[in-house]
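A structural walkthrough
One-letter residues, chain by chain:
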Amino acid sequence: MSRLTVHTKDSAPEASRPFVEKAIANNGFLPNLIGVLANSPQALQTYMTVSGINAETSLTLAEREVVQITAARQHGCDFCIAGHTAVALKKAQLPVEGVRALQQGKDTGDAKLDAVRAFAEAVIARRGAVDDAAYQAFLAAGYGERQALEVVLGISLATLCNFANTLAGSAINPELQPFASGAI
């Protein structure tokens, strides 16, 4: 049982309803994350706005999903692991073995994606105070200052979602259960 209200389209505050409707249109269902964030129209608006900005970065969808799964794993958000696993498999077309490895914090076998995962882990663990070796390894994989900041942007988005879900204790939607950690 969720500690915070998980709103439906009908119960959401009026200011949250356009965002709720957009989420339903995009997903075919209302993710519990959106139902939770609907409690604060500003939190939901922030999530939707930053999600759109994050999608415009120079990182590929696969790289962005690596950041999201990594952050969710490190923050202990099972809901977000499931949700981003679904995106990684269905939309980013990442291989099941690679996504399973991400869920476990292991190498995927793709050097660039592994560099993104390692860098995101370091940023989270060190709260941005990444040591020179971790930063140089990220640069050596072909990334630059722009991508380093875009990883931080992705982590900021993940932090909002991960912490909101953890605070709420919201369940993983049935539509996302097949993508939960350990299910793939």
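What this report covers is the structure whose coordinates are included nearby. (Residues numbered from 1 in each chain as written. Predicted model: local features only at pLDDT ≥ 70, side-chain atom pairs only at ≥ 80, totals over all residues. Heavy atoms only, no water.)

**Here we look at the layout of surface pockets**
A volume near 960 Å³ is recorded for the largest pocket. Residue assignment for the lining of the largest pocket shows that the elements contributing at least two residues are helix H1 (17–27), helix H2 (32–37), helix H3 (41–55), helix H4 (61–75), helix H5 (78–90) and helix H9 (145–168). Among the elements that line the lining of the largest pocket, the one with the most residues is H5, at 7 residues. Here the residues of the lining of the largest pocket are counted per class, giving 17 nonpolar, 8 polar and 6 charged. (1 Å grid on protein atoms, 1.4 Å probe; cavity = no way out; pocket = protein on both sides within 12 Å on 5 of 7 lines; lining within 4 Å. Points joined across faces, edges and corners; volume = space filled by probe spheres on them. Helix = DSSP H or I, 4+ residues; strand = E, 2+ residues; numbered from the N terminus. Nonpolar A, V, L, I, M, F, W, Y, C, P; charged D, E, K, R; others polar.)

**A closer look at H3**
Compared with an ideal rise of 1.5 Å per residue, which puts 15 residues at 21 Å, H3 spans 21 Å between its outermost C-alpha atoms and is within 8% of the ideal. When we look at burial in H3, the residues that qualify are Pro41, Leu44, Tyr47, Met48 and Asn54. Structurally, H3 contributes buried residues whose contacts are with H1, H2, H4 and H9. (Expected span 1.5 Å × (residues − 1). Buried < 20%, exposed > 50% of the residue type's maximum accessible area, 1.4 Å probe, protein only. Contact = heavy atoms within 4.5 Å.)

**Here's the deal with the environment of leucine 139**
Structurally, the position occupied by leucine 139 is in helix H8 (residues 132–140). Taking the C-alpha atoms as reference points, leucine 139 and phenylalanine 119, 20 residues apart in sequence, are found 9.8 Å from one another.

**What about the pattern of salt bridges?**
Throughout the structure, instances matching the rule amount to 5 salt bridges. Close ionic contact of glutamate 14 with arginine 17 constitutes a salt bridge, the shortest N to O distance being 3.2 Å. For glutamate 14, a relative accessible area of 59% puts it in the exposed group. Look at arginine 17 and you get partly exposed, because its relative accessible area is 25%. Residue aspartate 107 pairs with arginine 117 through a salt bridge whose shortest N-O separation is 2.4 Å. Of this pair, aspartate 107 sits in the loop between helix H6 (96–104) and helix H7 (111–126) while arginine 117 sits in helix H7, and the two are 10 residues apart along the sequence. Looking at aspartate 107, the relative accessible area reads 52%, which means it is exposed. Judged by its relative accessible area of 7%, arginine 117 is buried. Taken together, the shared-partner salt bridges in this structure form one network comprising Arg73, Asp107, Arg117 and Glu121. (Salt bridge = Lys/Arg side-chain N within 4 Å of Asp/Glu carboxyl O.)

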